[in-house]
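An overview of the molecular structure
One letter stands for each residue in the lines below.
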Amino acid sequence: MNAVVATSVFAVFMVAAVALGLLALRGRGKGGGLAEWSVGGRSLGPVFIWVLMAGEGYTSFSYLGAAGWGYNYGAPVLYVVAYMSCGYAIGYVVGPMLWGYARRHGLVGITDMVAHRFGRPWLGAVVAVLATVFLLPYIQLQITGMGVVLSVISYGAVSLNWAYFVAFAVTTGFVVVSGLRGSAWVSVLKDILVIATLGFLALYVPLHYFDGYGPFLDRLVTEKSDWLTLPGHGGGGGGGSGLGELWFISTTFLNSLTVVIFPTTVAGYLGARNADALRRNAMYLPAYNVLLFVPMLLGLAALFVVPGLAGAESNLALFKLVVDSLPAWAVGVIGVAAGLSSIVPMAVFMLVIGTMWGRSVLSLVPRLAERQKSAAQVVVVVAGGLALLLTYTAPNTLVRLSLISYEGMAQLLPMVLLALVWRRLTFRGAFSGLIVGVAVVCVLVFSGNDPLGGVNAGLVALAANLAVALAVTFAGPRDMDPRPDAEVLAHDPVGEEGDPLSVARAARGTSDHRV
């Protein structure tokens, strides 16, 4: 009976999610072209941008991985809160700059930007292929995450294989049709459930199992003090090894830079109605990170309630606390929140891969140049299907690739970001640095040298990337690009006609254009 109740609640909300995603097209005719599908017609307001970008940061990792890391290691998991908050601060500057650049030139993603900046369409295709390699593991991990959640909340009645298929089918069902706008609408439902369920669990678990926060924290400090300091429990010895201070600082620094050029983040930027919506979101989004403390704290609570979890089982620390102590309908609602936390980011990952291939790869084929949207929608299904197939047949393949996903994506920083603010960076320099950076990060990660001397391997690779890019740029010939700086470089649109921030300043008599 518990399985029937919890699964029914889950099913009702999944149907509602698909319906909500499809309703996003209401009044939009047949859905418009690629820009309408991939970046919401560049018309999403502050609320939709807020929930969409918050949804990308709050995935199934937050319910499973964050609790699991808290259970296994403790304090090192706080790097997630640190890098996301720092990334939002950087995004205050970078977001409007990328938004303005894409809007001026009619671009829909980072592959477009790279191709336009260096004047080489084939370069956009190369970046699309490389970014797909680093993004595809995230789709597989979200499929796996939702599958685990559905299997657990159904009390084992739904097998993992069927749960994986449900994750793929629900996500594909609305993202192919409604695109980014549908993801934003579903994010509203997801955020309501996430805030409600985590708020409830933050109060329920300490009271139910420990008679309050005081006894819980006192027991944590007394019995599990290793989990409260870096490098955390099992984080390695001294000398900057393991998950210590150097790792924490280098990972936070690298990820905060990388998150602002992550293709899914950029999709959120480009969907905004104006640059001011991005500035406001950069200020408000860190508040959402407060919720991340809850699963981390619950992971620590699970140390006392369900001790002895090992390996992948540790990722179920949060659900182990609630499945046996809450009524089935409540378990179902918490499962829905966790499931939607898989679906929303997975939808955006699939959408971005489809957009990159439709715009930068398949468009190079003459017959497909005028059918970019339909080509992108086909790629969405193919990418999701490939991740689903590999989840069944070779799960460890993509899980292993996921180790270098963020660190690999960081190697695009010079080509995507530095090149848009510094005209001197040449194509030869940027491309040479990219090759070296990707090679170094792959060698370090797959040889077991991540972190290297306590430093995140991705940051080591990025340093090599930049060194090579600068050396080749200064040693080689200048690029003979006749276009003016205004055509090639990006800048914050503050001061441009129609920018809300400039309009507000002018209304207060504090415009930058003083006599």
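Okay, so let's go over this structure. Computed from a predicted model, the values in this text were never measured in an experiment.

This part covers the overall build of the protein chain. Summing up its helical and strand segments, the protein chain has 24 helices and 0 strands in all. Burial statistics for the protein chain: of 515 residues in total, 56% are counted as buried. For the protein chain, long-range pairs separated by at least 24 residues make up 83% of all intrachain contacts whose partners lie at least 6 apart in sequence. When the accessible surface of the protein chain is summed, it comes to about 19900 Å², and 67% of that surface belongs to carbon and sulfur atoms.

Inspection of every chain in the model, using the stated rule, returns 8 salt bridges. R280 is the salt-bridge partner of D276, the closest N and O atoms lying 3.1 Å from each other. Here R280 and D276 lie together in helix α13 (residues 275-288), a separation of 4 residues that amounts to about one turn. Classification of R280 by relative accessible area gives partly exposed; the value is 40%. The partner of R423 in a salt bridge is D485, with the nearest N and O atoms 2.6 Å apart. Of this pair, R423 sits in the loop between α20 (413-421) and α21 (427-446) while D485 is found in helix α23 (residues 485-488), placing the two residues 62 residues apart along the sequence. Overall, the relative accessible area of 24% leaves R423 in the partly exposed class. With a relative accessible area of 44%, D485 lands in the partly exposed category. One salt-bridge network, in which partners are shared between bridges, spans D276, R279, R280 and D492.

Another point: the environment of G95. The topology assignment puts G95 in helix α6 (residues 79-105). G95 sits in the buried class, given a relative accessible area of 0%. With 173 residues separating them along the chain, G95 and G268 place their C-alpha atoms 9.1 Å apart. Residues in contact with G95, not counting those within four places in the same chain, are Y269 and L278.

Okay, the packing of aromatic side chains next. For the coordinates displayed, the defined rule picks out 20 aromatic pairs. For the pair W122 and F427, a centre-to-centre distance of 5.6 Å together with 85 degrees between the ring planes defines the contact as edge-to-face. One end of the pair, W122, is in helix α8 (residues 121-153); the other, F427, is in helix α21, with 305 residues separating them in the sequence. Residue placement shows R120 over the ring face of F427; its charged tip is 4.1 Å from the ring centre.

With that settled, the discussion passes to the nonpolar core. Nonpolar side chains in soluble globular proteins tend to end up buried together. Among the nonpolar cores identified, the biggest contains 165 residues, and M113, I139, F319, L340 and L412 are the most heavily contacted of them. Apart from residues lying up to four places away in sequence, I139 is in contact with M346, F349, M350, I353 and A387.

This part takes up the side chain of S256. Mapped onto the elements, S256 comes out in helix α11 (residues 245-258). Residue classification places S256 among the buried positions, given a relative accessible area of 5%. If sequence neighbours within four positions are ignored, S256 has contacts with Y83, C86, G87 and I90.

With that settled, consider a nonpolar patch on the surface. Side chains of M1, V4, V5 and W329 sit close together on the surface and give an oily, nonpolar patch of about 470 Å² of accessible area. Structurally, the position occupied by M1 is in the segment before α1 (2-23).

Two elements in contact, α11 and helix α22 (residues 457-475), have axes whose closest approach is 8 Å; the angle formed by their N-to-C orientations is 60 degrees. Judged by the inter-axis angle, α11 sits oblique to α22. Relative to α22, α11 is oriented so that their crossing is left-handed. Contacts from S250, F253 and L254 of α11 reach α22 at G458, L459 and L462. In terms of residue class, the contact of α11 with α22 is built from 4 nonpolar, 2 polar and no charged.

Another point: helix α14 (residues 293-305). Here α14 is 13 residues long and its end C-alpha atoms lie 19 Å apart, about the 18 Å a rise of 1.5 Å per residue gives. Here α14 lies mainly inside the structure; 10 of its 13 residues are buried. Among the residues of α14, those classed as buried are V294, P295, M296, L298, G299, L300, A301, A302, L303 and F304.

As a further point, take unusual backbone geometry. Peptide bonds are mostly trans, and most non-glycine residues show a negative phi. With omega at 10 degrees, the peptide bond leading from L230 into P231 counts as cis. Note on placement: P231 falls in the loop between α10 (213-223) and α11. For the peptide bond that leads from D450 to P451, omega is 5 degrees, which places it in the cis range. Its location among the elements puts P451 in the loop between α21 and α22. Phi is positive for D211, close to 65 degrees, though the residue is something other than glycine. Residue position: D211 is located in the loop between α9 (160-210) and α10. Judged by relative accessible area, D211 falls into the exposed class, the value being 68%.

Turning our eyes to something else, we now look at the environment of G339. For G339, the position within the fold is in helix α16 (residues 328-361). Counting along the chain gives 276 residues from G339 to Y63, while the straight-line C-alpha distance between them is 9.4 Å. Once you skip the residues sitting within four places of it in the chain, G339 turns out to touch F10, M146 and V149.

Contact pair α6 / helix α12 (residues 263-270): the axes reach a minimum separation of 9 Å and the direction vectors enclose 70 degrees. Judged by the angle between their axes, α6 and α12 are roughly perpendicular. Relative to α12, the crossing made by α6 is right-handed. The segment α6 lies against α12, with G91, G95, L98, W99 and A102 engaging V266, Y269 and L270. A breakdown of the residues in the contact of α6 with α12 according to their chemical character gives 6 nonpolar, 2 polar and no charged.

What counts and how
Residues numbered from 1 in each chain as written. Predicted model: local features only at pLDDT ≥ 70, side-chain atom pairs only at ≥ 80, totals over all residues. Heavy atoms only, no water. Helix = DSSP H or I, 4+ residues; strand = E, 2+ residues; numbered from the N terminus. Buried < 20%, exposed > 50% of the residue type's maximum accessible area, 1.4 Å probe, protein only. Contact = heavy atoms within 4.5 Å. Areas by Shrake-Rupley, 256 points an atom, 1.4 Å probe, with all protein chains shown as cover. Salt bridge = Lys/Arg side-chain N within 4 Å of Asp/Glu carboxyl O. Phe/Tyr/Trp six-rings, centres within 6.5 Å; stacked < 30°, edge-to-face > 60°. Lys NZ or Arg CZ within 6 Å of the ring centre and 35° of its normal. Core = buried A, V, L, I, M, F, W, Y, C linked by side-chain atoms within 4.5 Å. Patch = residues over 30% accessible without salt bridge, like charges linked within 9 Å, V, L, I, M, F, W, Y side chains within 5 Å. Axes fitted to C-alpha atoms, helices over the stretch in contact; angles between N-to-C directions. Parallel < 35°, antiparallel > 145°, perpendicular 65-115°, else oblique. Left-handed = near helix turned anticlockwise from the far one by under 90°. Nonpolar A, V, L, I, M, F, W, Y, C, P; charged D, E, K, R; others polar. Expected span 1.5 Å × (residues − 1).

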